[in-house]
Every structure is written in structure tokens, then in C-alpha cells.
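Analysis of the macromolecular model
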Amino acid sequence: MTAPRTVQLLDPREKAPDRRHGLSPRVATLEGKHIGFSLGTWRNYRVFVDHLERLLKERFPTISTSRIESLYNTRKGENLREFEEFSQDCDVVIAGLAA
């Protein structure tokens, strides 16, 4: 008679980073702020960002803006340092839409 076998079950899901913090507080005004746009991978997203940037500059003439190319796997930890460096120079970052 053979001994019983043991099977170890593993969780295939990727673990989230162990950084626990909520949403950043809202800024009181966009006047004089630096706004960063993370360009998404969606079709026509650049057209949307161009239009949004134009509207924001009309309403808040003292803002400055910058953009970073899509960092597709940032949520998975890849390119995270590059995104964090980009966001350090920004008061506000628009990183995507809940679409």
C-alpha cells in the first residue's frame, strides 16, 4: 500500500502591492497647478486629452501640463517607478477614465 499524497494548492492571482492609502485629497483649485496626463491605450484617447487640455487652459490660464505615454502594466507593478517619477512633478494626474 502506498502512502497518501499531499497536494499544495496555490493562488494564481497576482498579489497587490502592499501600499495602503486612499485617494489623494482634492485640490482646492486648479489655478496655477501642474496637471499630468497619462495617455491611455484607447483609440481616440489623445483626441480627448487634447480637447480636455484646451478646455482646462481656457478656464484656468495659469495651469501647466505634461504627458506620459501609456504605461499599460503600471497596475501590475511594471513601469511603476517611471509613473511615480512622472507624478512627482504634478499636482494632479489624470491617469484614465472609468469607462
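Residues numbered from 1 in each chain as written. Predicted model: local features only at pLDDT ≥ 70, side-chain atom pairs only at ≥ 80, totals over all residues. Heavy atoms only, no water.

**Description of the nonpolar core**
Formed by Leu30, Ile35, Phe37, Leu39, Tyr45, Val49, Leu56, Phe60 and Ile63, the largest nonpolar core amounts to 9 residues. Breaking this core down by element, the ones donating at least two residues are strand E1 (34-38) and helix H1 (45-59). Dropping the residues within four chain positions of it, Leu30 is found in contact with Ile35, Leu56, Phe60, Ile63 and Val92. (Core = buried A, V, L, I, M, F, W, Y, C linked by side-chain atoms within 4.5 Å. Buried < 20%, exposed > 50% of the residue type's maximum accessible area, 1.4 Å probe, protein only. Helix = DSSP H or I, 4+ residues; strand = E, 2+ residues; numbered from the N terminus. Contact = heavy atoms within 4.5 Å.)

**Comments concerning the pattern of salt bridges**
Overall, the coordinates contain 4 salt bridges when judged by the stated rule. Here Glu69 makes a salt bridge to Arg46, at a shortest N to O gap of 2.5 Å. With Glu69 in the loop between strand E2 (64-68) and helix H2 (80-88) and Arg46 in helix H1, the pair connects residues that are 23 residues apart, well separated along the chain. Residue classification places Arg46 among the partly exposed positions, given a relative accessible area of 40%. Between Arg67 and Asp50 there is a salt bridge, and its shortest N-O distance comes to 2.7 Å. Of this pair, Arg67 sits in strand E2 while Asp50 sits in helix H1; the two residues are 17 residues apart in sequence, bridging distant segments of the chain. One salt-bridge network, in which partners are shared between bridges, spans Asp50, Glu53, Lys57 and Arg67. (Salt bridge = Lys/Arg side-chain N within 4 Å of Asp/Glu carboxyl O.)

**Some points on the sheet that holds E1**
The strand order E2-E1-E3 describes an open sheet built from 3 strands, whose pairing is parallel. Each edge of the sheet is formed by a strand with only one pairing partner; in this case those strands are E2 and strand E3 (92-94). Ignoring which end each strand starts from, the neighbouring axes of this sheet average 25° apart. Strand direction decides the pairing type here: E1 and E2, joined by 5 bridges, are parallel. Among the inter-strand pairings, Ser38 is bridged to a residue of E2, identified as Ile68. (Pairing = 2+ DSSP bridges. Axes fitted to C-alpha atoms, helices over the stretch in contact; angles between N-to-C directions.)

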